[in-house]
Amino acid sequence: MPLDPETFDALIDTVRRYVAERLRPLEEKVERDDAIPDAVVAEMREMGLFGLSIPQEYGGLGLTMAEEVRIALEFGRTTPAFRSVFGTNVGIGSQGLVIAGSEAQKAEWLPRIASGEIITSFALTEPGAGSDSAAVQTKAVRDGDVYRLTGSKRFITNADKASLFTVMARTGGPGAKGVSAFLVPADLPGLSVGSPERKMGQQGAHVCDVHFDDVPVPAANRLGEEGEGFKVAMRVLDRGRLHIAAVCVGIAERLIGDAVAYAAERRQFGKAIAEFQLIQALIADSKTETMAARALVLEVAAKKDAGEGITLEAAAAKYFASETVGRVADRTVQIFGGAGYIADYGIERLYRDVRLFRIYEGTSQVQQLVIARETMKRGG
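In this report, the structure presented in the accompanying data block is examined. From a predicted model like this one, the values you see are computed outputs, not experimental measurements. (Residues numbered from 1 in each chain as written. Predicted model: local features only at pLDDT ≥ 70, side-chain atom pairs only at ≥ 80, totals over all residues. Heavy atoms only, no water.)

Here we look at the packing of aromatic side chains
- Taken as a whole and assessed by the stated rule, the structure comprises 8 aromatic pairs.
- For the ring pair Phe 75 and Phe 86, a centre distance of 4.9 Å and an interplane angle of 75 degrees mean the geometry is edge-to-face. Residue Phe 75 is located in helix α4 (residues 65-75), and its partner Phe 86 is located in helix α5 (residues 80-90); the two are separated by 11 residues in the primary sequence.
- Among the aromatic residues, ring-to-ring pairing joins Phe 50, Phe 75 and Phe 86 into one connected group.
- The side chain of Arg 45 reaches across the aromatic face of Phe 50, ending 5.6 Å from its centre. (Phe/Tyr/Trp six-rings, centres within 6.5 Å; stacked < 30°, edge-to-face > 60°. Helix = DSSP H or I, 4+ residues; strand = E, 2+ residues; numbered from the N terminus. Lys NZ or Arg CZ within 6 Å of the ring centre and 35° of its normal.)

Brief notes about unusual backbone geometry
- Phi at Asn 158 takes a positive value of approximately 65 degrees, unusual for a residue other than glycine.
- The class for Asn 158 is buried, based on a relative accessible area of 7%.
- We note that Gln 202 has phi near 50 degrees; this positive angle belongs to a residue other than glycine.
- Residue position: Gln 202 is located in the loop between β6 (191-193) and β7 (207-218). (Buried < 20%, exposed > 50% of the residue type's maximum accessible area, 1.4 Å probe, protein only.)

Quick look at the side chain of Glu 126
- The topology assignment puts Glu 126 in the loop between β1 (120-123) and β2 (139-143).
- Judged by its relative accessible area of 6%, Glu 126 is buried.
- Separated by 2.8 Å, the side chains of Glu 126 and Thr 138 make a polar contact.
- Residue contacts for Glu 126: discarding those within four places in its chain leaves Val 136, Gln 137, Thr 138, Ser 152, Lys 153, Arg 154 and Met 168. (Polar contact = N/O pair within 3.5 Å; in protein donor to acceptor, adjacent residues only side chain to side chain. Contact = heavy atoms within 4.5 Å.)

Details of the pattern of salt bridges
- Applying the stated rule across the entire model yields 28 salt bridges.
- For the salt bridge of Arg 239 with Glu 68, the shortest nitrogen-to-oxygen distance reads 2.4 Å. Within this pair, whereas Arg 239 is found in helix α8 (residues 229-265), its partner Glu 68 is found in helix α4, the two being separated by 171 residues in sequence.
- Ionic contacts of the salt-bridge type, sharing partners, join the residues Arg 16, Glu 74, Arg 77, Glu 253 and Arg 294 into one network. (Salt bridge = Lys/Arg side-chain N within 4 Å of Asp/Glu carboxyl O.)

That's the geometry; what it means functionally is another story.
Dropping the structure here:
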């Protein structure tokens, strides 16, 4: 059930002010330190951000999808690393449990995920399984009342902070039907996490390799039945793609605001560059595409809340919004000119940050395949 309008409006207002007054002034520090301050993480726990999507009976806020994307839009107005702090708890790290977990599993884990006591992580990608996510080679072999996990995962978000992983591992034959999902506590023997990777952007949001060396996972920690893991992963990704699309829209709106402010102030040939039609064209294209992306995100969120399948729609939203924010960032650098290439203005940082959105949670090319496949299924 959605929050009552007054409560939700107060939440949105709080988040908006928090982003503007607390987080944006910290962006350069996060970039420099490649870390989110501990005080900020504590504040986010206090605000309930780790439990946005978790049902209220398990201690979360239980937001609808339409409400969740509105929060994601607001967090798009600052460096993406801040949203990443709680993003896995809200999305891919918790939703497999919400969707497919038993009552015992939900009662054990969800309250601590919602409070932020537990940081979650979603371990699907492997060195040989990226876009071909059904090709996972990490093995889970039944041994009495445990499964023994062996293999490696790659580019796993929040792995160095996580105390609970949702792991996709092969329990059967080749292909999607041989993949099962497991809840794997980080303190189990044989589990190790590599050092954070050096990345182009999104400093402060870490990705690491995760290694499983004969890790004994209780059979009670399997999510759903054997062979259902890939289905769970795809349902989780539908929601995650829509959330990411909303973040992309928020960043695009932030960039447009920065571009407009700079264009009104910067003078050339005796007047503000905002008065030149070629600059106006860059702003107009960015605004139009961003408005379209926002409308698509909100429409798809409403469909999800109505109980409709959104595999095609979520892929379309993620594809369009992530490509849009890339174009908006490029135009914003152009409007800023040389200043857009200099770190002091923060535009080059956002330019680097947004590049990742066209890759993770399914590349743009994977989204195109999903959109085409689902369109053909529907006959148009």
